[in-house]
Amino acid sequence: MTDNVARIVTSLRHHHDQLAATVRQLSEDQLTGPSGASEWTLADTLSHLGSGAEISRATIIASVDPDAEKPDNQAIWDRWNAASPREQADAFVEQDKALVELLEGIGADERSAMTVDLGFLPEPVPLVVAAGMRLNEVAAHAWDVGVGLDDTAALDPEAADLLLDLYAGPLAFLLGFSAKPDQLGGPAQVQVGDRAIVVGDGVTIAEPSAPTATFAGPTEAAVRLLSGRLGAERTPAGVDVTGNVTLDDLRKVFPGY
């Protein structure tokens, strides 16, 4: 069986190294300039990722050590919000590195048995869910940073492929939170390579069975669509949907977050 936790941790390390190298080169003007996330600057985006890394690391530690202190999320957010753009960017590098190193240090046997109490779900979840949710956030917001600097930025292709696997499995519930299937006039099954975006009463990722439409374009664009990051101005040439739904139809189903 493919070790998805190992794949996730490898991707998180790749994203960290890429973002850390980018952050070191950012000017003050760039840090306070717009990102791909609506109403967020690059520094805001890095602050969101950095505070999330701090909370995630403390949460994982508290899940395995009953004596460890659970994070005070609001206090952490307040501290990050009070920091300057440069402080936010530098602290992101520090906190994200610490989280990635923690995940890298968890052995294969421990990975398969570990559960994490995220605090906002009904019960503790396997590590693949906790780490996968972090990758989902990091991949999307890394693109937000990237597109703030380069209009042609794309989602990391290996992360995009992995995320589609996760949406078809342990992270399927995320699409239930973010998608708006009632925005479509009827059911659709949109083939994306060897997978399909299935829109009915809900939204799932599955193997194609009876496709009603086809997504033409790279996997990274399809994953950006699912997170509301494939607006007309951010859609590469050649990306389109043909069949019983259009790309504009699907954009309404996936408004983003």
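Cut-offs and rules
Residues numbered from 1 in each chain as written. Predicted model: local features only at pLDDT ≥ 70, side-chain atom pairs only at ≥ 80, totals over all residues. Heavy atoms only, no water. Helix = DSSP H or I, 4+ residues; strand = E, 2+ residues; numbered from the N terminus. Rg over C-alpha atoms; globule rule 2.2 N^0.38 Å. Contact = heavy atoms within 4.5 Å. Areas by Shrake-Rupley, 256 points an atom, 1.4 Å probe, with all protein chains shown as cover. Core = buried A, V, L, I, M, F, W, Y, C linked by side-chain atoms within 4.5 Å. Buried < 20%, exposed > 50% of the residue type's maximum accessible area, 1.4 Å probe, protein only. Axes fitted to C-alpha atoms, helices over the stretch in contact; angles between N-to-C directions. Left-handed = near helix turned anticlockwise from the far one by under 90°. Nonpolar A, V, L, I, M, F, W, Y, C, P; charged D, E, K, R; others polar. Pairing = 2+ DSSP bridges. Salt bridge = Lys/Arg side-chain N within 4 Å of Asp/Glu carboxyl O.

**Quick word on the overall build of the protein**
- The number of helices and strands found in the protein is 11 helices and 7 strands.
- Relative to the 2.2 N^0.38 estimate, which gives 18 Å for 257 residues, the radius of gyration of the protein is 19 Å and therefore close to what a compact globule would have.
- Taking the principal axes of its C-alpha atoms as reference, the protein extends roughly 55 × 45 × 30 Å.
- Considering only contacts in the protein between residues 6 or more positions apart, those separated by 24 or more positions represent 63%.
- Put simply, the protein shows about 12,400 Å² of open surface, and 50% of that area lies on carbon and sulfur atoms.

**As for the nonpolar core**
- Among the nonpolar cores identified, the biggest contains 75 residues, and Tyr167, Val190, Ile197 and Phe215 are the most heavily contacted of them.
- Here the element with the most residues in this core is helix α7 (residues 127-149); it accounts for 13 residues.
- When neighbours within four sequence positions are excluded, Tyr167 is seen to be in contact with Asn136, Ala172, Leu175, Ile205, Val223, Leu226 and Tyr257.

**A word on the packing of helix α1 (residues 4-25) against helix α8 (residues 157-167)**
- For the pair α1 and α8, the least separation of the axes is 11 Å and the interaxial angle reads 145°. Once α1 is placed against α8, the crossing between them reads as left-handed. Here Asn4, Arg7, Ile8, Ser11 and His15 of α1 come into contact with α8, specifically with Ala159, Asp161, Leu162, Asp165 and Leu166.
- Residues belonging to the contact of α1 with α8 are distributed by class as follows: 4 nonpolar, 3 polar and 3 charged.

**A few points about helix α10 (residues 219-226)**
- Most of α10 sits out of view: 7 of its 8 residues are buried.
- What α10 keeps buried is the set Glu220, Ala221, Ala222, Val223, Arg224, Leu225 and Leu226.
- Positive phi shows up at Gly228, right after α10, with a value of about 75°.

**Points about the packing of helix α3 (residues 42-64) against helix α4 (residues 73-82)**
- The interhelical angle for the contact between α3 and α4, taken along N-to-C directions, is 145°, at an axis separation of 10 Å. Between α3 and α4 the crossing geometry is right-handed. Taken together, the residues of α4 that come into contact with α3 (itself represented by Leu46, Ser47, Gly50, Ser51, Glu54 and Ile55) are Asn73, Ile76, Trp77, Arg79 and Trp80.
- Tallied by class, the residues present in the contact of α3 with α4 amount to 5 nonpolar, 4 polar and 2 charged.

**Focus: the environment of Ala131**
- When you line up the elements, Ala131 lands in helix α7.
- Ala131 sits 93 residues away from Arg224 along the chain, and the two C-alpha atoms are 19 Å apart.
- Once residues lying within four places of it in the same chain are set aside, the contact partners of Ala131 are Ile8 and Leu12.

**Overview of the sheet that holds strand β7 (residues 240-243)**
- Strand order across the open sheet formed by 5 strands is β5-β4-β3-β6-β7, with mixed pairing between neighbours. The sheet is open, and its two edges are formed by β5 (203-206) and β7, each paired on a single side. On average, each strand axis in the sheet is tilted by 25° relative to the strand beside it, whichever way the strands run.
- Alignment of strand β6 (residues 213-216) against β7, held across 4 bridges, turns out to be antiparallel. The residue bridging Ala216 from the neighbouring strand is Asp240, located in β7.
- Together, β3 (188-192), β4 (195-199), β5 and β6 form the strand contacts of α10, whose direction differs from that of β6 by roughly 115°.

**What to know about the pattern of salt bridges**
- Going through the model one piece at a time under the given rule, you end up with 14 salt bridges.
- One salt bridge in this structure joins Asp165 and Arg195, with 2.7 Å as the shortest N-O distance. Here Asp165, found in helix α8, pairs with Arg195, found in strand β4; they are 30 residues apart in sequence, far enough to count as distant.
- Across the pair Glu220 and Arg224 runs a salt bridge whose closest N-O atoms are separated by 2.8 Å.

**Describing the environment of Ala232**
- Counting through the fold element by element, Ala232 comes out in the loop between α10 and β7.
- With relative accessibility at 59%, the residue Ala232 sits in the exposed group.
- Spatially, the C-alpha atom of Ala232 lies 9.3 Å from that of Arg251, the residues being 19 residues apart in sequence.

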